[in-house]
Amino acid sequence: QVQLVESGGGLVQPGGSLRLSCAASQVTLDYVATGWFREAPGKEREGVLCISSSDDTTYYADSVKGRFTISRDNAKNTVYLQMNSLKFEDTAVYYCAAALVWGCPRVEDYDYWGQGTQVTVSS
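Residues numbered from 1 in each chain as written. Predicted model: local features only at pLDDT ≥ 70, side-chain atom pairs only at ≥ 80, totals over all residues. Heavy atoms only, no water.

A. Main features of the pairing of strand 5 (residues 46-51). For strand 5, a buried count of 5 out of 6 residues is recorded, marking the element as mostly surrounded by other parts of the structure. Bridging between strand 4 (residues 33-39) and strand 5 involves 5 bridges; their strand directions are antiparallel. When the bridges of strand 5 are listed, Thr-34 appears paired with Ile-51. Two successive antiparallel strands, strand 4 and strand 5, enclose a turn made up of 6 residues, where Gly-42 displays a positive phi of approximately 75 degrees. Direction of pairing for strand 5 relative to strand 6 (residues 57-59): antiparallel, over a ladder of 3 bridges. (Buried < 20%, exposed > 50% of the residue type's maximum accessible area, 1.4 Å probe, protein only. Helix = DSSP H or I, 4+ residues; strand = E, 2+ residues; numbered from the N terminus. Pairing = 2+ DSSP bridges.)

Structural data, given as structure tokens:
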């Protein structure tokens, strides 16, 4: 009955910013690893980045380094993805996922997934 719900997606111009949220129920996110993934039209789902239970960040995608930041609010049981300097190629459905491990796992080894939120970067 673990549920992850993403929110915060929308339409943004190139160079703009969005903050996505991943709210959890039936699991405490500060005790697990939480990652963000994305699926662009016609493309395979790819890992973006992950935050471990000790707040270490692992980047799965080199293309977002320096632009995307992951963080956690334990009181709200929510993980955030801050996206800055957005580019056309960032357009995708973004998913959050949780793995019942302390450190960030391989992208194939996540246990629970949200339903996704659409991010569209367009002028």
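B. View of the environment of Ser-63. Here Ser-63 lies in the loop between strand 6 and strand 7 (68-73). For Ser-63, a relative accessible area of 42% gives the class partly exposed. Once the C-alpha coordinates of Ser-63 and Asp-90 are considered, the two residues, 27 residues apart in sequence, prove to be 9.3 Å apart. In terms of polar contacts, Ser-63 uses its side chain to reach the side chain of Arg-38, at 3.3 Å. (Polar contact = N/O pair within 3.5 Å; in protein donor to acceptor, adjacent residues only side chain to side chain.)

C. Structural view of the nonpolar core. Within the largest apolar cluster, 27 residues are counted, with the highest numbers of intra-cluster contacts made by Leu-29, Trp-36, Phe-68, Leu-81, Met-83 and Tyr-94. The set of elements that each furnish at least two residues to this core consists of strand 3 (18-25), strand 5, strand 7, strand 8 (78-83), strand 9 (92-99) and strand 11 (117-121). What Tyr-94 contacts, discounting residues up to four positions off in sequence, is Glu-6, Leu-20, Trp-36, Phe-37, Arg-38, Val-48, Phe-68, Leu-81, Met-83, Gly-116, Thr-117 and Val-119. (Core = buried A, V, L, I, M, F, W, Y, C linked by side-chain atoms within 4.5 Å. Contact = heavy atoms within 4.5 Å.)

D. Spotlight on the sheet that holds strand 8. Spatially, 4 strands are ordered 1-3-8-7 in an open sheet, and the strand pairing comes out antiparallel. With partners counted over all chains shown, the strands left at the sheet margins are strand 1 (3-7) and strand 7, one partner each. Going across the sheet, the axis of each strand differs from the next one's by a mean of 20 degrees, ignoring polarity. Both strand 1 and strand 3 contribute to a ladder of 5 bridges, which runs antiparallel. In the sheet register, Leu-4 faces strand 3, and the bridge partner there is Ala-24. (Axes fitted to C-alpha atoms, helices over the stretch in contact; angles between N-to-C directions.)

E. The arrangement of the environment of Arg-67 in detail. Within the secondary structure layout, Arg-67 lies in the loop between strand 6 and strand 7. With relative accessibility at 9%, the residue Arg-67 sits in the buried group. Separated by 16 residues in sequence, Arg-67 and Met-83 place their C-alpha atoms 6.1 Å apart. Polar side-chain contacts of Arg-67 include one of 2.9 Å to the backbone oxygen of Ser-63.

F. Layout of the pairing of strand 7. Here strand 7 shows one buried face, formed by Phe-68, Ile-70 and Arg-72, and one open face, formed by Thr-69, Ser-71 and Asp-73. Both strand 7 and strand 8 contribute to a ladder of 6 bridges, which runs antiparallel. Across the sheet, Ser-71 pairs through a bridge with Tyr-80, a residue of strand 8. Between strand 7 and strand 8, which pair antiparallel one after the other, the connecting turn spans 4 residues, and Asn-77 there sits at a positive phi close to 50 degrees.

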